[in-house]
Amino acid sequence: MATKRICMFLMLLQVANAGIQAQCKIVGKNLAFEIADTLFNKPFIDVDEWREKPVRHRYIHGGFEGTDTRFSFYFPPKEQYEGRFFQYVTPFPDNENLSQGATGENDKIGFSVASGAYFIETNGGGKTDFTNPGKRPDATIGAYRANAASAQFSRIVALEIFGGNRPFGYLFGGSGGAYRTVGGIENTQGVWDGAVPYVLGSPMAIPNCFTARMHAMRILNGKFQQIVDALEPGGSGDMYAGLNDEEKAALQEVTRMGFPPQSWYAWETMGIHGFLVLYGGVVMADQKYFKEDFWNKPGYLGYNPPKSLLDARIQKISKIRAVIGYEDAVKLGLSEPLSAEDRGSADNAWKNTGDKGEKPEAFQLEDVMPDVNFLGGDLIIKTGEAAGATLQVTKAEGDKVALAPTNSLDVLAKIKPGEKVQVDNSNFLAVQTYHRHQVPGKDYYVWDQFRDKDGNPIYPQRPMLLGPLFTMGAAGSVPTGKFSGKMILLGSLWDREAYPWQCDWYRQRVIENLGDKTDDNFRLWFTDHAIHGDQSNQLDDPTRVVSYLGVLQQALRDLSLWVEKGIAPAATTNYKIEDGQVIIPPTANERAGIQPVVSVTVDGKKHTDISAGETVTLTAVVEIPEGQGKLVEAAWDFDGSGTYKTVVDLTKAATKSNGSHIEISQKYTFTKAGTYFPVLRVAAERNGNTTTYFAKIQNLDRVRVVVK
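Let me sum up the structure you'll find in this document. (Residues numbered from 1 in each chain as written. Predicted model: local features only at pLDDT ≥ 70, side-chain atom pairs only at ≥ 80, totals over all residues. Heavy atoms only, no water.)

A few words now on the overall build of the protein. Check the secondary structure of the protein and you find 18 helices and 28 strands. Its C-alpha atoms give the protein principal-axis dimensions of about 90 × 70 × 60 Å. The buried share of the protein, reckoned over its 708 residues, is 56%. When contacts within the protein are restricted to residue pairs at least 6 apart in sequence, those whose partners lie at least 24 apart make up 73%. Taken as a whole, the protein presents about 29300 Å² of accessible surface, with 49% of it coming from carbon and sulfur. If you average the places of the 75 positive and of the 83 negative side-chain charges in the protein, the two averages end up 2 Å apart. (Helix = DSSP H or I, 4+ residues; strand = E, 2+ residues; numbered from the N terminus. Buried < 20%, exposed > 50% of the residue type's maximum accessible area, 1.4 Å probe, protein only. Contact = heavy atoms within 4.5 Å. Areas by Shrake-Rupley, 256 points an atom, 1.4 Å probe, with all protein chains shown as cover. Lys, Arg positive; Asp, Glu negative; His and termini not counted. Charge placed at Lys NZ, Arg CZ, Asp CG, Glu CD.)

Below, the structure written as structure tokens:
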């Protein structure tokens, strides 16, 4: 009888809760909303429902009548709400539901709810169509206006749901999303109270970071393994050893441009990255450089080309034998499989810029292409209905060429087997030294290598700088360092896409604007052993690099404390710039910021030689910056798998300085011959919480063991 009563009570409770939720639904409800940007003065809501995954939250979806802008709001239960929101900005406008389905540390919805915030994401005014750049809308809509309108309307909805005061709002985004984050907070007033842009480029990043890197990739192909080995623990330290003059010059050029040398470990997989979607825009903007100047005029590398450039050039006439669709292209390794995780991410958003499966992905040709280090190029259509058109090509392998997702669907539809084509990478080779002809002002110090003693460019210069144009397309304006509110900027020291010095460039603009009030409103934290990507489950080598998501999450929490309660965050990382490289001190308290520092030795050294069956002693010292938490995780990887199977019992570690100095010792026996790089990876958490996914700040260190 008692059991029946309990069941009846629970059923009545569920019915009551459902009734309350139904009464509170705001689909179709006319909420008063006034905004100066009249394009967005008619918001609507078409979904309002409670969801249980990834955590319990109230999902509200809608948009603005007369526009393509759509938004998703994720509200926590009232008892978890603390009066703020976090809003994520993708690298380029895409979709308002990208954060759904993420798990663990990557879960933005769960993190926001755990931080007392509701979460916002938008489509930025409508997905960017890279196949038809001429039809893109007003850049300011995607840069910040759609995001700003959604943020402002979210406050109306939040007040309807929770009551209380105006919610505080914080914007964050990486890579192209960092441009859009900076554009948002610099071009609006009263929308956001603070921002956390991360892996930010300067207004001169595009295309120059990519062109300098590709130039080095072409010339140094075949030499990267020895370069990486020299920089490893126990290596010679001289990455130029064994290189000829051309190779040394290329490596020195890209290093001075800011490429972190340690990041060459990924030379086999890094490819051309986001330049895939930028190449066509560069060629379109400066056609004279490619058609007339590079191969024909003094001062350009193509005028008197070195043998390496001539050997890399392809101008091969052939015919199309067959069209290759998406599924076959993936099987052949010619196309990337569609990934929901990649969409909207800082590192891989560019991979999903086309409609997979609805157009040709590759062509099989009648001839085998020359075997060169092909980084990209063009397919010029010689005959047929599309004669005269040019398609972008990403690969030329054997008798097959892979097509970029940026190619026009209209042109692709016209191409048939049997038509004559020319595979030509002349323009792609030319673009690889374009940065030499784009020397900006002296605040861009990495270009000093291209100036003479009087400060004048040593190479012919193009009539305009393309970088600021690309930046305006993303951010709506060129960043100035002038903003209202507070900002924590995050940079990754191994970032091979947005070279780390560019965070310093923006900091200098902030200092010009705020002067001695800079520290009242701005921080810059660098994360060591971190790259460009923000997907912690897709690190290309977890034995070398760590996720910076914990730093990002803690930055958002610290930013909210700074704005709402006046609690200042950790100081800006101490650093200096030398020849384009960001140099940081060796100890945690000297560095500042919030990342722990790890130092590992093997038998007291960074490198040891032993015989199979011998046991070594690995010793690690972990330092946590004062007041930045406690060590909650430490694990060893001995086999290079990145699985970190040997977990350290931290209760047995020697601890000093109130938990900020930890010493760890581990013995290990190597039974097989080979070269090993044992790694210790650690994580600190502000409150010593060992069970949370979020805001764990990682770092690592490694040593070399040669077993004979």
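Let's shift gears to the pairing of strand β1 (residues 43–51). Two faces, one strand: in a regular strand the side chains alternate between the faces of the sheet. Across eight bridges, β1 lies against strand β2 (residues 57–64) in antiparallel orientation. Residue pairing across strands places Trp50 opposite Arg58, the latter belonging to β2. Between β1 and β2, which follow one another and run antiparallel, lie five residues. (Pairing = 2+ DSSP bridges.)

Inspection of the secondary structure puts Asp540 in the loop between β15 (522–527) and α17 (549–565). Overall, the relative accessible area of 35% leaves Asp540 in the partly exposed class. Note: C-alpha distance between Asp540 and Ile60 (480 residues apart in sequence) is 35 Å. Among residues more than four places away in sequence, those in contact with Asp540 are Tyr265, Ala266, Arg496, Ile531 and Val545. A polar atom in the side chain of Asp540 sits 2.3 Å from the side chain of Arg496. (Polar contact = N/O pair within 3.5 Å; in protein donor to acceptor, adjacent residues only side chain to side chain.)

Structurally, Gln553 is set in helix α17. In contact with Gln553, not counting residues within four places along its chain, are Glu105, Phe111, Phe694 and Ala695.

A word on the pattern of salt bridges. Within the structure shown, the criterion is met by 35 salt bridges. Ionic pairing is found between Glu497 and Arg213, a salt bridge with its closest N-O pair at 2.4 Å. Of the two residues, Glu497 is situated in the loop between β14 (486–492) and α15 (501–514) and Arg213 in helix α5 (residues 208–219); the sequence distance between them amounts to 284 residues. Looking at Arg213, the relative accessible area reads 0%, which means it is buried. (Salt bridge = Lys/Arg side-chain N within 4 Å of Asp/Glu carboxyl O.)

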